[in-house]
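Structural features, examined
Below are the chains, spelled out letter by letter.
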Amino acid sequence: ASVVVEPIDGGLIARTFRVKPSYTLGATSGAPTALIVKLPMADLGIRARNEARNFYSREVAFYQHHAPLMWASVPTCFAAMHEPASMRSMLVLEDGTTRPGMRVGDNVAGCSLREAVAASRGFARLHAQWWDDPRLLAEDWLPTPIEIGPGPGLAADELRALWAQLPNAHQQAAKPALRETVEL
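These numbers were taken from a predicted model, which means no experiment stands behind them.

**Thoughts on the overall build of the chain**
- When you go through the chain residue by residue, the secondary structure sums to seven helices and five strands.
- Here the chain holds 184 residues, and 25% of them are scored as buried.
- Restricting the contact set of the chain to residue pairs at least 6 apart, pairs at least 24 apart contribute 48%.

So this is what it looks like as structure tokens:
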């Protein structure tokens, strides 16, 4: 048995890898042909900022508590762990590209209008299931409106700091109006 690991470029919050295991003869019944492994960013400054916003713990908690209950199609989670003290986390997920008709988006290339509409409908189905569900109030890992903060967006200094973390390819792919706004 062996494993091929391929980095997936474009991660803004996590390092993402496609893992393709090969199995010994007869051990492949129902076993995945490819997995997605998500790890925190290697840069400790970026990792600390993401940890402070609870990005990693919330994603792990979603896959542990809510993904199995979803009406919408979400990847199967094979393993999920998070250790806040060490800023370590890991998700091992089904590779959605192995599902017929599934396409994984690209942060830089974007998508067509038809794909954006389909994604919006998928988000609507996902949120409709949990809209006003009292069980969500018991989930300490979900942010409250107070934690999210007032106003429509991020403070200018925080937006600039996040922009600086983006790979150059992402910055260059942004529409000129966005680049001008951030660079003011």
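**Some points on the confidence of the model for the chain**
- Of all residues in the chain, 82% have pLDDT values of 70 or greater, and the mean over the chain is 81.
- Taken element by element, the predicted model of the chain shows its lowest mean pLDDT in helix 4 (residues 145-148) (56) and its highest in strand 4 (residues 77-83) (95).

**A closer look at the layout of surface pockets**
- Taken as a whole, the largest pocket encloses approximately 2,000 Å³ of empty space.
- Forming the walls of the largest pocket are 44 residues, and the residues nearest its centre are Pro75, Arg103, Val104, Gly105 and Phe123.
- Of all the secondary structure elements, the ones that give two or more residues to the lining of the largest pocket are strand 2 (14-22), strand 3 (35-40), helix 2 (55-66), strand 5 (88-94) and helix 3 (113-130).
- No other element matches the eight residues that helix 3 contributes to the lining of the largest pocket.

**Regarding the sheet that holds strand 2**
- Pairing within the open sheet is antiparallel, and its five strands lie in the order 1-2-3-5-4. At either margin of the open sheet sits one strand with a lone partner, and together these are strand 1 (2-8) and strand 4. Neighbour to neighbour, the strand axes of the sheet diverge by 20° on average, direction disregarded.
- Both strand 4 and strand 5 contribute to a ladder of six bridges, which runs antiparallel. Residue pairing for strand 5: Ala79 is matched across the bridge by Val92.
- Helix 2 rests against strand 3, strand 4 and strand 5 of the sheet, and its axis sits at about 145° to strand 4.

**A look at the nonpolar core**
- Core analysis: the biggest nonpolar cluster contains nine residues, these being Ile36, Val60, Tyr63, Ala67, Met70, Val74, Leu91, Leu93 and Trp130.
- If you list the elements that add at least two residues to this core, you get helix 2 and strand 5.
- Excluding residues that lie within four positions of it along the chain, Val60 makes contacts with Ala80, Met81, His82, Met90 and Leu91.

**So, the pairing of strand 2**
- Where strand 1 meets strand 2, seven bridges bridge the pair, whose relative direction is antiparallel. Looking across to strand 2, one finds that Val5 is bridged to Val19.
- In the sheet, strand 2 pairs with strand 3 via six bridges, with the strands oriented antiparallel. Across the sheet, the residue bridging to Arg15 is Leu39, located in strand 3.

**Topic: the packing of aromatic side chains**
- Enumeration according to the criterion identifies one aromatic pair in this entry.
- Aromatic pair Phe62 and Tyr63: ring centres 5.1 Å apart, planes at 80°, arrangement edge-to-face.

Quick notes on the rules
- Residues numbered from 1 in each chain as written.
- Predicted model: local features only at pLDDT ≥ 70, side-chain atom pairs only at ≥ 80, totals over all residues.
- Heavy atoms only, no water.
- Helix = DSSP H or I, 4+ residues; strand = E, 2+ residues; numbered from the N terminus.
- Buried < 20%, exposed > 50% of the residue type's maximum accessible area, 1.4 Å probe, protein only.
- Contact = heavy atoms within 4.5 Å.
- pLDDT = per-residue confidence, 0-100.
- 1 Å grid on protein atoms, 1.4 Å probe; cavity = no way out; pocket = protein on both sides within 12 Å on 5 of 7 lines; lining within 4 Å.
- Points joined across faces, edges and corners; volume = space filled by probe spheres on them.
- Pairing = 2+ DSSP bridges.
- Axes fitted to C-alpha atoms, helices over the stretch in contact; angles between N-to-C directions.
- Core = buried A, V, L, I, M, F, W, Y, C linked by side-chain atoms within 4.5 Å.
- Phe/Tyr/Trp six-rings, centres within 6.5 Å; stacked < 30°, edge-to-face > 60°.

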